[in-house]
Amino acid sequence: MSLSPMVSVLMPVYNAESYVAEAVESILAQTFTDFEFLITDDGSRDRSLKILQAYASRDARIRLISQENRGLIHTLNQMVGLACGEFLARMDADDISTPTRFASQVAFLQQHPEVVCVGGAFEIIDPKGRTVSLATMPEEHNEIQARLLAGSTIINHPCAMIRKTALLKIGGYDASMVTVEDLDMLLRLGEVGMLANLKDVVLKYRFHRKSVSAENILYQREMAQEACKRAWQRRGVEGHFEVPAVWYRPTPDRAAQIDFLHKYGWWAFCQGYRGTAAACGLEAIALQPAALENWKLLACALVKPSPRTSYFIYD
């Protein structure tokens, strides 16, 4: 590794003992090796820090920080300040980067100096690591901008590789944008440069449907609308806010829960993951036993051949 690595990986960690080892290994296994790996354990109360210390003792690219819990936005800004790389690669402690992610993203940014942030397609996996669906993302700047201005974080944050100079230019992450720091950051980055997504899958994104409280889901939507309103005002445009993309966690009402179970279950069925689809059908039946659509999902999961076709979220 050179004295000034090309890439700085930023991975905050908080109570991620079940998945953090797999996340770390996916970074250490990158085919592109000129990176430093900044990991901040933000006051974990589980075994996360011990797991990270073991990895740090074996690989000099890891720069491990342990601190009392200060929250995600503070931790991210602190890591940006410590980073030495030209490009900043975001990573979450429960996701899995594909082996060629950095190689593909670095090559793209070097070939497109006007682009300040690039993401990519990603696979959605469940807590057990089973692939549920493929999420393709808009690749062109104008469509990405339009989706962002409507409230969708269309570059998935842990998929992002960002030019450090651009992130510093906009002042880093805004501490007032709690729960939507990524959407707000992307909106502001889009005002100083171009945004892009790769067609290639760069990440396996682990989806925890029940990991956020109902109150936080509603608050997150309110904050997303606020981030959009600020962007509309900065740009002098009239905007229209839309409910965030379909893989977002459902609100607590029964109808939203059932609708989400249908979407999640059919994603899984179309990809051939019958167990996941059947589980979604059973949960939907428990919520609304008389609804035929719930039984249809369960029956298809149990007896119907899966089409095993790509069930894209964005077409």
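Here we summarise the structure given alongside this text. (Residues numbered from 1 in each chain as written. Predicted model: local features only at pLDDT ≥ 70, side-chain atom pairs only at ≥ 80, totals over all residues. Heavy atoms only, no water.)

### Here's the deal with the packing of aromatic side chains
This model, assessed by the stated rule, comprises seven aromatic pairs. Plain terms: the ring middles of F260 and Y264 are 5.7 Å apart, the flat faces sit at 20 degrees to each other, and that makes the pair stacked. Residue F260 and its partner Y264 are located together in helix α9 (residues 254-271), separated by four residues, close to a single helical turn. Y264 matches F260 in its accessibility class, with the two residues each being buried. Relative to W267, the ring of Y264 has its centre 6.2 Å away and its plane inclined at 50 degrees; by these criteria the two rings are tilted. Of this pair, Y264 and W267 both sit in helix α9, separated by three residues, roughly a single helical turn. Taken individually, Y264 and W267 each receive the classification buried, so the pair is uniform in this respect. Among the aromatic residues, ring-to-ring pairing joins F207, F260, Y264 and W267 into one connected group. Sitting above the plane of the Y55 ring, R58 keeps its charged end 4.8 Å from the centroid. (Phe/Tyr/Trp six-rings, centres within 6.5 Å; stacked < 30°, edge-to-face > 60°. Helix = DSSP H or I, 4+ residues; strand = E, 2+ residues; numbered from the N terminus. Buried < 20%, exposed > 50% of the residue type's maximum accessible area, 1.4 Å probe, protein only. Lys NZ or Arg CZ within 6 Å of the ring centre and 35° of its normal.)

### What to know about the nonpolar core
Grouped burial of nonpolar side chains is what soluble globular proteins tend to show. Grouped together as the largest cluster of nonpolar side chains are 94 residues, with contacts concentrated most on V7 and M11. The greatest single-element share of this core, amounting to eight residues, is contributed by α9. (Core = buried A, V, L, I, M, F, W, Y, C linked by side-chain atoms within 4.5 Å.)

### Description of the packing of α9 against helix α10 (residues 274-287)
Relative orientation of the contacting elements α9 and α10 amounts to 160 degrees, with a least axis distance of 8 Å. Of the possible angle classes, the one that applies to α9 and α10 is roughly antiparallel. Pair α9 / α10 crosses with left-handed handedness. Of the residues in α10, those in contact with R254, Q257, I258, L261, H262, Y264, G265, A268 and F269 of α9 are R274, T276, A277, C280, E283, A284 and L287. Per-class residue counts for the contact of α9 with α10 are nine nonpolar, four polar and three charged. (Axes fitted to C-alpha atoms, helices over the stretch in contact; angles between N-to-C directions. Parallel < 35°, antiparallel > 145°, perpendicular 65-115°, else oblique. Left-handed = near helix turned anticlockwise from the far one by under 90°. Contact = heavy atoms within 4.5 Å. Nonpolar A, V, L, I, M, F, W, Y, C, P; charged D, E, K, R; others polar.)

### Digging into the environment of E114
By secondary structure assignment, the location of E114 is in the loop between α4 (101-111) and β6 (115-125). Sequence spacing of E114 and F260 is 146 residues, and the spatial spacing of their C-alpha atoms is 38 Å. Every residue in contact with E114, bar those within four places of it in the chain, is listed here: G193 and M194.

### A short note on the pairing of strand β2 (residues 35-42)
The element β2 is largely enclosed, with a buried count of eight among its eight residues. Of the two faces of β2, both are covered, the one formed by F35, F37, I39 and D41 as well as the one formed by E36, L38, T40 and D42. Taking the sense of rotation as the criterion, the β-α-β connection linking strand β1 (residues 7-13), helix α1 (residues 20-28) and β2 turns out right-handed. In this structure, β2 lies alongside strand β3 (residues 62-67), joined through six bridges in parallel fashion. Bridge pairing links T40 to I65 in β3. In the classification by handedness, the crossover that spans β2, the intervening helix α2 (residues 48-56) and the parallel β3 is right-handed. (Right-handed = clockwise from strand over helix to strand, strands pointing away. Pairing = 2+ DSSP bridges.)

### Digging into the state of the cysteines
Applying the stated criterion across every chain yields a total of zero disulfides. The thiol of C117 is unpaired, and the distance to the nearest cysteine sulfur, on C159, comes to 10.0 Å. Owing to a relative accessible area of 0%, C117 belongs among the buried residues under this scheme. (Disulfide = S-S within 2.5 Å.)

### Some details on unusual backbone geometry
The phi torsion at N15 lies on the positive side, around 50 degrees, for a residue other than glycine. Tracing the backbone through its elements, the reader meets N15 in the loop between β1 and α1. Even without being a glycine, T179 presents a positive backbone phi close to 80 degrees. As for its position among the elements, T179 is in the loop between α6 (164-169) and α7 (181-189). A residue is classified by how much of its surface remains accessible, and T179, at 26% relative accessible area, is partly exposed.

### Considering the side chain of S8
Note that S8 resides in strand β1. A distance of 3.3 Å separates the side chain of S8 from the backbone nitrogen of C84, its partner in a polar contact. The residues touching S8, leaving out its near neighbours within four places in the chain, are E36, A83, C84, G85, F87, L88 and A89. (Polar contact = N/O pair within 3.5 Å; in protein donor to acceptor, adjacent residues only side chain to side chain.)

### Regarding α7
Most of α7 sits inside the fold, with nine of its nine residues counted as buried. E181, D182, L183, D184, M185, L186, L187, R188 and L189 are the residues of α7 that are buried.

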